[in-house]
Amino acid sequence: MRTFFLFLSRQKQLRKWMETSRWARRLSARFVAGDNLPDALATCQRINAEGITVTLDHLGENVTSREEAAASREAYAEALTEIANLKIAGNVSLKLSQFGIDLSLPECTANVEALVRQAAALGTFVRIDMESSDYTDRTLDLVVSLHERFGTTGTVIQAYLYRSRKDVEMLCARGIRVRLCKGAYLESPAVAFPNKADVDRNYVELMNLLLENGVYPAIATHDEKIIEQTKRFVESRQIPRESFEFQMLYGIRRDIQKRLVKEGYRLRLYVPYGQAWYPYFMRRLAERPANVFFLARNLLRS
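Every chain is numbered independently, its residues counted from 1 as its sequence is written. Two thresholds apply to this predicted model, a pLDDT of at least 70 for residue-level local features and 80 or more for giving and counting side-chain atom pairs, whereas whole-chain, interface and lining totals are computed over all residues. Hydrogen atoms and water are omitted, and side-chain values are computed over all heavy atoms in the structure.

Attention now moves to the overall build of the protein chain. Helix and strand counts for the protein chain stand at twelve helices and eight strands. Throughout, exposure labels follow a simple rule: accessible area from a 1.4 Å probe, protein chains only, divided by the maximum for the residue type, with under 20% read as buried, over 50% as exposed, and the rest as partly exposed. Counting only residues that meet the buried cut, the protein chain has 52% of its 302 residues in that class. By definition, residues are in contact when any of their heavy atoms lie within 4.5 Å. Taking contacts inside the protein chain between residues at least 6 apart in sequence as the whole, the part at least 24 apart equals 70%. Accessible surface is estimated by sampling points in the Shrake-Rupley manner with a 1.4 Å probe; for residues, cover comes only from the protein chains shown. In the form shown here, the protein chain has an accessible surface area of approximately 14600 Å², with 54% of it arising from carbon and sulfur atoms. To qualify as a helix, a DSSP run of H or I must reach at least 4 residues; to qualify as a strand, a run of E must reach at least 2; elements of each kind are numbered from the N terminus.

In structure tokens:
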């Protein structure tokens, strides 16, 4: 028991140091566009000036009360309003665990529907992010339902899940926009490819499927090899560059970002903001060792 309390004490000390340390704040500033919406919007305007669009993500997951879920809804509603007022080329991305899906599916649905309805009125778009495989079916069910009624929402498919090809085919048939990523959560070999080579192979197969059959797919990757494969595929099939976009994380591989824009490809940056940057980092780093190496590698790059 004494060891357990010592562990908790050290965790609290680490969090306090991380949240007050100049080094930690500089690190977070590389990947998080500020603690508040005005800071994030200013960052988005700078990004737009470089010929890049954005998707804003208000940090915070796995809320523990309905009040927190409602606060998340209001934060996103304000973001959508300001994006429209400032004529920012961008939209928003959200997680259902932040909107209360673990507390009440009906209330979560109502929270997300309010936002999607607002986006439809403003002529913009809401991306519903994918979380761990425990959420996949619930996420897809909600996306399909909202898309049928409003048409202003899409989702994310993770290439490391065995089921993803079937999900991509279903979403393409329904005309629902997909962001394709590799996947960042710790998953069992029973549901996900454990080897990177298999994930990469499946990613490319799903990418090709989306580029040929999807509705404005988003190819979300920092992998230079896959980016080059994407370019070769669209050229070989004469797929217009305006029919898809690349997506990358804010602060990651800025050298590739500049090159893609210079070459005439569409690019959107995923821009997180908010005070919950510490749990955002620690959760991502704790979930998969590969995330630690990914962060360390990209800190050394432009």
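Next comes the rest of the write-up.
Once that is clear, we can look at the pattern of salt bridges. Every case where a carboxyl oxygen of Asp or Glu lies within 4 Å of a side-chain nitrogen of Lys or Arg is listed as a salt bridge. Under the definition given, this model contains 22 salt bridges. Between E205 and R201 there is a salt bridge, and its shortest N-O distance comes to 3.4 Å. Here R201 and E205 lie together in helix 8 (residues 196-213), a separation of four residues that amounts to about one turn. For E205, a relative accessible area of 35% translates into the label partly exposed. In this structure, the salt-bridge partner of R259 is E224, at a minimum N-O distance of 3.2 Å. Here E224 lies in helix 9 (residues 224-236) and R259 lies in helix 10 (residues 254-262), a separation of 35 residues in the sequence. If you follow the salt bridges from partner to partner, you end up with K182, K196, D200 and D223 in one network.

What holds strands together in a sheet is hydrogen bonding between their backbones, with the strands either parallel or antiparallel. Note on pairing: DSSP must find at least two bridges between two strands before they are called paired. The strand order 1-2-3-4-5-6-7-8 describes a closed barrel built from eight strands, whose pairing is parallel. Adjacent strand axes in the sheet meet at a mean angle of 25 degrees, parallel and antiparallel pairs treated alike. Of the pairings in the sheet, the one linking strand 3 (residues 126-128) to strand 4 (residues 153-158) comprises three bridges and is parallel in character. Bridging from a neighbouring strand, V126 pairs with T153 of strand 4. Orientation is described by lines fitted to C-alpha atoms, with helices fitted over the stretch in contact, and by angles between N-to-C directions that extend from 0 to 180 degrees. Along the sheet, helix 6 (residues 136-150) contacts strand 3 and strand 4; its crossing angle with strand 4, the most-contacted strand, is approximately 155 degrees. Strands in contact with helix 7 (residues 164-173) are strand 4 and strand 5 (178-181); relative to strand 4, the strand with the most contacts, it is inclined by about 160 degrees.

When you tally the buried positions in strand 2 (residues 90-94), you get five out of five residues, the bulk of the element. Bridging between strand 1 (residues 53-58) and strand 2 involves three bridges; their strand directions are parallel. Opposite L56, over in strand 2, you have V92 as the bridge partner. Seen with the strands pointing away from the viewer, any crossover whose path from the first strand over the helix to the second strand runs clockwise is right-handed. Following the chain from strand 1 across helix 4 (residues 66-85) to the adjacent parallel strand 2, one finds a crossover that is right-handed. Alignment of strand 2 against strand 3, held across three bridges, turns out to be parallel. Opposite S93, over in strand 3, you have R127 as the bridge partner. With respect to chirality, the unit in which strand 2 leads through helix 5 (residues 105-122) into the neighbouring parallel strand 3 is right-handed.

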